[in-house]
Amino acid sequence: MLSANDNEFLTRTGPGTPMGDLFRRFWVPVLIAAELPEPDCPPVRVGVLGEELVAFRDTNGTVGLIEGRCPHRRAELFWGRNEECGLRCVYHGWKFDVNGNCVDMPSEPPESQFRDKVGIAAYPTREWGGYIWAYLGPPDLPLPELPEFEWAHVPESHRYVSKKLQQCNWAQSVEGAIDTAHFSFLHMLVGELPPDAPAALRYMKADGSPKFTLQPTDAGFVIGGARFAEEDSFYWRITQFLVPNHSLAPGAERGQNINGQTWVPIDDHSCWIYTYTWNPDRPITEEELAIIKGGKASIHSIVDEHYHPIRNRDNDYLIDREAQRTASFTGVQGISEQDACIQDSQGLIYDRTQEHLGTTDVAIIEFRRMMLRMARNLLEGQEPAEARNGRAYWVRSGAEVAPRTTSFEEVAADRTAAGEAGP
Amino acid sequence: MLSANDNEFLTRTGPGTPMGDLFRRFWVPVLIAAELPEPDCPPVRVGVLGEELVAFRDTNGTVGLIEGRCPHRRAELFWGRNEECGLRCVYHGWKFDVNGNCVDMPSEPPESQFRDKVGIAAYPTREWGGYIWAYLGPPDLPLPELPEFEWAHVPESHRYVSKKLQQCNWAQSVEGAIDTAHFSFLHMLVGELPPDAPAALRYMKADGSPKFTLQPTDAGFVIGGARFAEEDSFYWRITQFLVPNHSLAPGAERGQNINGQTWVPIDDHSCWIYTYTWNPDRPITEEELAIIKGGKASIHSIVDEHYHPIRNRDNDYLIDREAQRTASFTGVQGISEQDACIQDSQGLIYDRTQEHLGTTDVAIIEFRRMMLRMARNLLEGQEPAEARNGRAYWVRSGAEVAPRTTSFEEVAADRTAAGEAGP
Amino acid sequence: MLSANDNEFLTRTGPGTPMGDLFRRFWVPVLIAAELPEPDCPPVRVGVLGEELVAFRDTNGTVGLIEGRCPHRRAELFWGRNEECGLRCVYHGWKFDVNGNCVDMPSEPPESQFRDKVGIAAYPTREWGGYIWAYLGPPDLPLPELPEFEWAHVPESHRYVSKKLQQCNWAQSVEGAIDTAHFSFLHMLVGELPPDAPAALRYMKADGSPKFTLQPTDAGFVIGGARFAEEDSFYWRITQFLVPNHSLAPGAERGQNINGQTWVPIDDHSCWIYTYTWNPDRPITEEELAIIKGGKASIHSIVDEHYHPIRNRDNDYLIDREAQRTASFTGVQGISEQDACIQDSQGLIYDRTQEHLGTTDVAIIEFRRMMLRMARNLLEGQEPAEARNGRAYWVRSGAEVAPRTTSFEEVAADRTAAGEAGP
């Protein structure tokens, strides 16, 4: 349970908010790289942390992320023409480069120097791991380091990246991801499992009350959830939370693809979830891609051309009550949609003054403690060290069956190390 | 005319409002019984008096009406699975019975007693007259009596029940029902009536200024509207208002079906109208059912699967101006829709500080006086006696042609008595 | 740039606002005459200057514009029946004539004099130039003069009138019209012009930085924008702004049709633009009508049956990015739609505290100065003289190529005089 004040503090990320300031110390994804597929392609609106921006890829292939409005009469630059190394407002032809400089102002006489006075905010960007990232923080600070995620280092063939709209506040959606007890319910099948069901599914169905261990990492913390497996073993699911807004999912067994998500607030009532799947050792196979794009057993969602999930808050996720009775716990199709539906249902901003947390919510408690502490520290001038330690993100998540005598420290040491060919 | 303060007082029914408290002293319909057709059927969202609840029918057939959110992390219980005698939240499997007790908490260790601490609000329910009713009042008070409506006592074959959404505040819609002068206009045909038109229609067309007499009853008051009929007679239309939210309509001649409506606020800008037709003496006939479902000459509305009228505020009730010119006063099809359209048009909440009431508005004035008085009395600790006098609802409404020498007292005594086989 | 206070002052026109008071000193169009095509036709809702009214044409052909609600119980008169010389509320039959008098009250006894006490506001109207105009000002003032626009004087065959919804505040849309520098960009073609392109188009494409001269007129001011034409000449575009809400467009060469627009706020976030094309000397030709209705090279918009543009804010004006790359500066089809899109993009109410005006914005600065001054003067009791000088509106706009030695005074004197057969 949080006080109303702390709940505000945790959830608000607009300009000038403490949590917004903390987010602005890190690189955040703002687009899939493919949304700006080539030089001089059409500009794209970017809503991020309560700001309305526009992104474009210039003639050199460089990505610009600038204020969304022309400084002249505040027409939206979304309507602009992406021309030779600059985005030109279609109202009076003012043209801005990726650094926000006004490089042409044809509505003024040639001798005018007005254009030197009307530059607009531009944010540094990087392409990294299939996404475009931006730094929205104070320009006088040195740039943070990019998070050295393993999935950003593997060849493109080894990963699949997507994004999806989530119609609620970012923080409750993160909490849903690091609360891995819910797999025994929200994502579970109804009735007897088929004889060929994976052992992991059997363990999760049988034990809905996993025992959690948390361990700090250089970028956040790692969460171990132990369920009873065979008589002498535990089935461990190991999840990473990495500040301020990443989580790596616990489902991958050795050799399997690993999944992760990064939450980026659009405003306080919605966020983008950047969703990625990677294999450290080999390309994603065609069969795996078919499952990913099939929208059932995947962290990726079936979305429309605006990356809005087809099954969403507005259509009750197309719940099928007969399927709920006979097949799946929710009657909602898709792992991703099951998560989205239950997180949305907590409200546009989840009211944490009314909750009753149990023993499986330890990771959620630690997440809030960590985020509130970091944001308070920043208010007092203490910059987050994680923003300067990209190497700290070189970790994995995953699942493991281990003897009951093995400690979580040992399991985690073995299963959370990323590959040796790292950054 | 009301002061702005009194208008607020009359119209607001959320938790903690005086009028909301008064409503909470009575049983109110919250669903058609058929919305929960069988044991363990899907749960249904219930919005009532500003509260967001969920209803379900358990394995024994008992109806539960409980808080709409799981106390754990406030996921909506609407998504829940209706299992063996309880509704199970699909997030972590917490299960609640019809009394709001948490009867299973599989995400906690078996020895945990946490579940004894997290019960949620549950409201008593009854099935009565084809509807599910709930008592949302203080649990420490004795339950009110159910209103002993005749239509709730007759065999199912003798009644037809429905509901429809009204897109405005409840009180102005009640006022529309007890203001029966409007039939001479709002529901009237244009031009000469056909020779075979019922006499009642002729009387109403000819006399738009009925003389009203009010008479208190044990549950509210009865309204007599007298129009000139033949030279020596009056055509009386007798309407019942029964506190806090029922009205029986005046159209039924002897032997004909009788209609009534009950208003239940969803919030301050919309309400459900529970609509019923009954015959004390015989089954509703196929021909009558066809008229009811035809959506023209009926108090019942043509609705979609969510009980939203097909003709509604958002599509201007599909007004047909040519029909208005040549056939009906409004050009809107349906008695129910004509009422809905004109009541909606008064605004989401009708501003009673700007009106000019006339001589036909005496029932409206008495309705407001009675409701304001009862709510003020309750504020001062005086409970409404009507809530403990279900027998007071054992009345009828109807129409009658009587000699001009007969007083309303005599007409009413004869025509408003319900059958002898009463409660 | 305006202060936040001045921006409020300029943009708000509801009842009781200073700018709303100024608007209420003038006749304003409220409908196309054809929206009330014949005596006793259906009434029409009119939203104007934050007021909700209803208009009807009575049996004599006289147009009434009265309060939108019946004084009895505030039902919307939009639902009313337009009967023998009056609009009858369908709730209880109260009937109002074009002067707002209650002329029938059949729900009251014949002897009642209640109807003399419940008249409603009625505004004077005039049919003028194909539109219905209303005066919403103080009834104790003498009526203003109608603006003696040339297009209102020509035969019907010589003009084409329409209207279209604009989804933003009125003032920024006026500013878009009197800022004629933008034609070199917003409405321009991409790449080399075809050899047969009009000279005017060549001049505008070549010179995006016209030099502006303003000159006061009896009804506002006239704006001359000079672009380099041939070596010894300027291409002048001459625009009229006429208080409080009219502009005549600068494109017409001698003998060509002239265009103009009049802005009428519905509320502070939307307005109607009344749009007109006229030829002083001859009928509009079939070819010209085809272009007007084709929705490409025209100030008129393609609208639906509610006069809402097909290409609008909600569908991003159906921008075609490929067309933007290869054909037109915006990729949006239609001169009217290009204006609408960029004006809407400034926000529902353009925030003038954040702009950076340049040398081409002199007319905008003067517009604001004039409007703020007039509204302030009115607050201090000084009525606007223009409202009593209809003859001051007897002017034209247009384009002209003139020797560089000719002053704007000379060009304007020649080109802005309306025909001699004036009022």
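Just above sits the structure.
Please read all numbers here as calculations on a predicted model, not as lab measurements.

**Q** What is the right way to read the overall build of chain A from this model?
**A** Within chain A one finds 10 helices and 18 strands. For chain A, whose C-alpha radius of gyration is 23 Å, the value lies close to the compact-globule estimate of 22 Å for 423 residues. When each of the 423 residues of chain A is scored for burial, the buried share is 62%. Restricting the contact set of chain A to residue pairs at least 6 apart, pairs at least 24 apart contribute 62%.

**Q** Just checking my understanding: could you explain the relation of the copies chain C and chain A for this structure?
**A** Superposition of the two copies of the chain requires a rotation about an axis and a shift along the axis. For the pair chain C and chain A, the relating rotation is 120°, the translation along its axis is 0.0 Å, and the fit reaches an RMSD of 0.0 Å. Between the two chains, the operation in question is that of a three-fold axis. Minimal C-alpha distance to the rotation axis in chain C is attained by D314 of chain C, lying at 11 Å.

**Q** Before we go on, may I ask you to explain the pairing of strand 17 (residues 270–278) of chain A in this structure?
**A** One face of the sheet, then the other: side chains in a regular strand alternate in exactly this way. Residue and element names in this part refer to chain A. The element strand 17 is largely enclosed, with a buried count of 9 among its 9 residues. Burial along strand 17 is two-sided: S270, W272, Y274, Y276 and W278 and C271, I273, T275 and T277, pointing in opposite directions, are all buried. Hairpin connection from strand 16 (residues 258–267) to strand 17: 2 residues lie between these consecutive antiparallel strands.

**Q** Would you take a moment to explain the interface of chain C and chain B for this structure?
**A** How big an interface is tends to be stated in terms of the accessible area lost upon association of its parts. On the chain B side, the residues contacting the 28 residues of chain C number 37 residues. Taken together, both faces of the contact between chain C and chain B bury some 2,600 Å²; the carbon and sulfur share is 55%. On the chain C side of the interface with chain B, the three residues burying the most area are R73, W79 and Y91 of chain C, jointly 30% of the side's total. For the pair chain C and chain B, the number of links is 3 salt bridges. In this structure, D361 of chain B engages R73 of chain C in a salt bridge whose closest nitrogen and oxygen atoms are separated by 2.9 Å. Between the two partners, chain C and chain B, sit 19 residue pairs in polar contact (both at pLDDT 80 or more). Its residues assigned to classes, the side of chain C that touches chain B shows 14 nonpolar, 5 polar and 9 charged.

**Q** Can you walk me through the interface of chain C and chain A in this structure?
**A** Listed by partner, the interface residues are 37 residues for chain C and 28 residues for chain A. The junction of chain C with chain A conceals about 2,600 Å² of combined surface from both sides, 56% of it contributed by carbon and sulfur atoms. Run the count over chain C and chain A and you get 19 residue pairs in polar contact (both at pLDDT 80 or more). Among the residues making up the side of chain C that touches chain A, the classes are represented as 13 nonpolar, 16 polar and 8 charged.

**Q** Would you take a moment to explain helix 8 (residues 335–344) of chain C for this structure?
**A** Because the α-helix completes a turn every 3.6 residues, residues three or four places apart line up on one side. All names here are of chain C. Counting buried positions along helix 8 gives 9 out of 10 residues, so the element sits mostly inside the fold. Of the positions making up helix 8, those classed as buried are S336, E337, Q338, D339, A340, C341, I342, Q343 and D344. Buried-residue contacts for helix 8 involve strand 11 (159–166) and helix 4 (170–178).

**Q** Any chance you could explain the environment of H72 of chain C here in plain terms?
**A** Within the element layout of this structure, H72 of chain C appears in the loop between strand 4 (63–67) and strand 5 (81–83). Along the primary structure H72 of chain C and V103 of chain C are separated by 31 residues, whereas in three dimensions their C-alpha atoms are 14 Å apart. Ignoring any residue separated from it by four or fewer positions in sequence, one finds H72 of chain C in contact with Y350, E355, H356, L357, G358 and D361 of chain B together with H92 and W94 of chain C. Reaching out from H72 of chain C, the side chain makes a polar contact with the side chain of H92 of chain C at a distance of 3.3 Å.

**Q** What am I meant to see in unusual backbone geometry here?
**A** What is expected of a backbone is that most residues other than glycine have negative phi and most peptide bonds are trans. In this model, V243 of chain A is joined to P244 of chain A through a cis peptide bond whose omega is -5°. Relative to the helices and strands, P244 of chain A is located in the loop between strand 14 (233–242) and strand 15 (246–248). A positive phi is found at D40 of chain B, a non-glycine position, where the angle reads about 65°. Along the chain, D40 of chain B falls in the loop between strand 1 (27–32) and strand 2 (44–48). On the accessibility criterion, D40 of chain B (25% relative accessible area) is partly exposed. The backbone of C85 of chain C sits at a positive phi, close to 55°, despite the residue not being glycine. Relative to the assigned elements, C85 of chain C resides in the loop between strand 5 and strand 6 (86–88). Look at C85 of chain C and you get partly exposed, because its relative accessible area is 23%.

**Q** Hey, could you run me through the side chain of S301 of chain B in this one?
**A** Checked against the element boundaries, S301 of chain B lands in the loop between helix 6 (286–294) and helix 7 (321–326). In contact with S301 of chain B, other than residues within four places in its own chain, are K164, P309, S336 and E337 of chain B.

About the thresholds
Residues numbered from 1 in each chain as written. Chains lettered and ligands numbered in written order. Predicted model: local features only at pLDDT ≥ 70, side-chain atom pairs only at ≥ 80, totals over all residues. Heavy atoms only, no water. Helix = DSSP H or I, 4+ residues; strand = E, 2+ residues; numbered from the N terminus. Rg over C-alpha atoms; globule rule 2.2 N^0.38 Å. Buried < 20%, exposed > 50% of the residue type's maximum accessible area, 1.4 Å probe, protein only. Contact = heavy atoms within 4.5 Å. Least-squares fit on C-alpha atoms with pLDDT ≥ 70 in both. Pairing = 2+ DSSP bridges. Buried area = accessible area lost by both parts, 1.4 Å probe. Salt bridge = Lys/Arg side-chain N within 4 Å of Asp/Glu carboxyl O. Polar contact = N/O pair within 3.5 Å; in protein donor to acceptor, adjacent residues only side chain to side chain. Nonpolar A, V, L, I, M, F, W, Y, C, P; charged D, E, K, R; others polar.

Function cannot be read off these values alone, since they describe shape.
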